[in-house]
Structures are given as C-alpha cells and as structure tokens.
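Next come the chains, spelled out residue by residue.
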Amino acid sequence: MIEHDKLVIGGKEFTSRFILGSGKYSLNLIESAVRDAGAQMITLAVRRANTKEQENILDYIPKGVTLLPNTSGARNAEEAVRIARLARELGCGNFVKIEIMRDSKYLLPDNAETIRATEILATEGFCVMPYMYPDLNVARDLVNAGAATIMPLASPIGSNKGLATREIIQILVDEIDLPIIVDAGIGRPSQACEAMEMGVAAVMANTALATAGELPLMASAFRQAIEAGRKAYLSGLGRVLLRGASASDPLTGFLRD
Amino acid sequence: MVKVNGKEMDISGVTVSEYLAGTEYEPARIAVEKNGDIVVKSSYDETVLQDGDVVEIVSFVGGG
C-alpha cells in the first residue's frame, strides 16, 4: 500500500507529502532543505525584479522539484490573477497557490476573493491550490470553482502555533473529495504528524523551518513526522476507550495461587 | 516618461528588447507586464514603450 501511495495534483504524481516554503532563509540553504525534507514541491513568491540582484532563487532549487508560486501581496481576486499570470509567464509551469489577504495584522486569507480568483484561474488552465480559512461551505465553493486542492490554515501564518483549527480541518478531510493540504501555522514535526494522522494529504511548512535552530535537520524531522503520520493514517489508528482500561497482557497464567 | 517598477524613466519610443538590453535583468528569469497585460517574450522586439506606460518587471523570490 505504501509503495503505491502517491499524491496526485494537476496530473503530477508526488511521493513526498511535504511542501516546502522558501521564504525567510538563505538561498544557500535551499538545496539542503529540499534534500533533507525530501520535498518535491516548493513555494515561491513573485516580486519586482531587482537589477542589481545577480543571484536568482531558481538557480538554487534542484531540478525536478515542482514550483508552486504564490500570489502573496494580492489584496483581492484581480491582483491574485495578475500575479498568477506573471508567475506562469516566468515559465515554470501552471501551478499557483492563491493567497489573498486584506488583513495585515493576522494575515488571514479572504475566502470570498479566493473563490473568485480560483474560478478565473481554473478557467485559464491553472492548477489552482487555494489557501483558505477553514470552512466547509467555502471549501465546497472552491471545489465547484475548479480548485485542484484545498489548503486550510492550521493557525495564523508564521505563528508556529499548530492545529488551532483541527476540528474543521477534520471535517474538510471527511467531506471534501480533493487533497486537503494544511498550510500555515504548523510549527513542530509532531503537529505535522498529527495532521497527517487525521488524513490530510500533505503539509506545507516554511516558518517552522526558517526559525528553527538548524534548518536542514528540522527539514529531516518534518519529513519523518509526515511519513509517520501518513503511515498511521493508512494503517488506521487504534481505538480510544471511552472509559476504563484494557490489558495488553494475557489475563491468565499469573505466577500466584 | 515610462514608469518601470515604480520609477519614472525616459525611455519612450524604445522597445522592451532595447530597454532590457541596457539593464542587468536576466531575460530568462523575468516576466514583463505593460499596463496590466503580460508582454510575452516573443513580442519584446515589437513592443514599443510609450509615454505614460506602466511597466512591471518581476521575478521569483523566496516565499511561503
């Protein structure tokens, strides 16, 4: 079962379920981060090009890794669509992670604008991966709008606070027939593992690694945690007793009487 | 004047190709937008920048 366990997004098959961010750390660490994370997909942002900047992040990303440009900086659907088109023109495929924020304090995604942008970009042939505030009705609207995956946040972006929205994410996993990818807020490998145990298809992390003491080592820890969580999910977790106890040892043959 | 990435530049009448040739941008690593529309690479030669045009030149950077 494990050998055939692949994540399919936009017609591409992935054996890794760890989507790596590339923000807030040195370009020199990207190669080791990708390698130690076992990542096959990495997120990028689009910004005004700098004429003086000689080094480009694309020169640091190992070949064969799928690029997932985000639309960060977009405040509405139109701006997200514009950034997505520019990202595609950069010539690295048609994947896009929609990220639309009006709120600069908590950086929470604007679900209504995200649905609008998803509809436009899916029609234009993009493989659309919308970042969203977890909500079942919104997730259904995103499915109908042509999303390829749904990416609910675990807690506020960059907070490393873990699965604050776990109950709703579980509902999305149970009810939505697309890969659910937890994005934002996952701070520790144990939280990534827990999300995978719940049945999410993949985990995306950036700040957890960028703010860790040793980035490649943390990338490796996340990789193992995500793989462990996936195996546990595929296995099916053992049941939880409502009350009482259940012995693991035989209840006969005691050395007494 | 043409506005390129927020800066006014005296390059009216110049094509996108000619403008880029005089800069340090790496053509394979950038995308160009003029007045909100993508300028595809194959039309850099024939796209003439005009007074009042707003041009954005972007590339990938690290992000989450």
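Residues numbered from 1 in each chain as written. Chains lettered and ligands numbered in written order. Predicted model: local features only at pLDDT ≥ 70, side-chain atom pairs only at ≥ 80, totals over all residues. Heavy atoms only, no water.

*Asks:* Explanation requested: the nonpolar core in the structure shown.
*Replies:* Most often, soluble globular proteins keep nonpolar side chains buried together rather than apart. All names here are of chain A. Grouped together as the largest cluster of nonpolar side chains are 66 residues, with contacts concentrated most on Leu-20, Ile-61, Leu-209 and Phe-222. With seven residues, the top contributor of residues to this core is helix H2 (residues 77-89). Residues in contact with Leu-209, not counting those within four places in the same chain, are Phe-18, Leu-20, Leu-215, Met-218, Ala-219 and Phe-222. (Core = buried A, V, L, I, M, F, W, Y, C linked by side-chain atoms within 4.5 Å. Buried < 20%, exposed > 50% of the residue type's maximum accessible area, 1.4 Å probe, protein only. Helix = DSSP H or I, 4+ residues; strand = E, 2+ residues; numbered from the N terminus. Contact = heavy atoms within 4.5 Å.)

*Asks:* So what exactly am I meant to see when it comes to the side chain of B:Asp53 here?
*Replies:* Within the secondary structure, B:Asp53 is located in the loop between strand E4 (37-39) and strand E5 (54-62). Within the structure, B:Asp53 has its side chain in polar contact with the backbone nitrogen of B:Gln50 (distance 2.7 Å). (Polar contact = N/O pair within 3.5 Å; in protein donor to acceptor, adjacent residues only side chain to side chain.)

*Asks:* Even after reading the chapter, I still don't get the interface of chain A and chain B, so can you show me in this structure?
*Replies:* Taken together, the 31 residues of chain A in the interface contact 24 residues of chain B. For the chain A and chain B pair, buried surface summed over both sides reaches about 2400 Å², with 58% attributable to carbon and sulfur atoms. Among the residues chain A hides against chain B, the three largest losses belong to A:Arg48, A:Glu89 and A:Leu90. Together they make up 28% of the total. Here A:Arg48 ties to B:Glu56 by a salt bridge, and the two come within 2.8 Å at their closest N and O atoms. Inspection of the chain A/chain B interface yields 14 residue pairs in polar contact (both at pLDDT 80 or more). Sorting elements by how many residues they give to the side of chain A that touches chain B places strand E4 (residues 41-48) of chain A first, with six residues. Here the side of chain A that touches chain B is built from residues that sort into twelve nonpolar, ten polar and nine charged. (Buried area = accessible area lost by both parts, 1.4 Å probe. Salt bridge = Lys/Arg side-chain N within 4 Å of Asp/Glu carboxyl O. Nonpolar A, V, L, I, M, F, W, Y, C, P; charged D, E, K, R; others polar.)

*Asks:* Got a minute to help me understand the sheet that holds strand E8 (residues 151-152) of chain A in this structure?
*Replies:* Within a sheet, each strand pairs with its neighbour through backbone hydrogen bonds, oriented either parallel or antiparallel. Residues and elements named next belong to chain A. With parallel pairing, the three strands of this open sheet are ordered in space as E6-E7-E8. Looking at the sheet topology across the chains shown, the edges are occupied by strand E6 (95-98) and E8. Taken together, the four bridges between E6 and strand E7 (residues 127-132) define a ladder with parallel strand orientation. Bridge assignment links Val-96 to a residue of E7, and that residue is Val-128. (Pairing = 2+ DSSP bridges.)

*Asks:* I'm lost on the pairing of E4(A) in this one. Help?
*Replies:* The two faces of a sheet get side chains in turn, since along a regular strand they alternate between them. When you tally the buried positions in E4(A), you get six out of eight residues, the bulk of the element. Sheet topology places strand E3 (residues 18-20) of chain A next to E4(A); two bridges connect them, and they run parallel. Note on E4(A): the bridge partner recorded for A:Ile19 is A:Met41. Across five bridges, the pairing between E4(A) and E5(B) is antiparallel. By the bridge assignment for E5(B), A:Arg47 is matched with B:Ser59.

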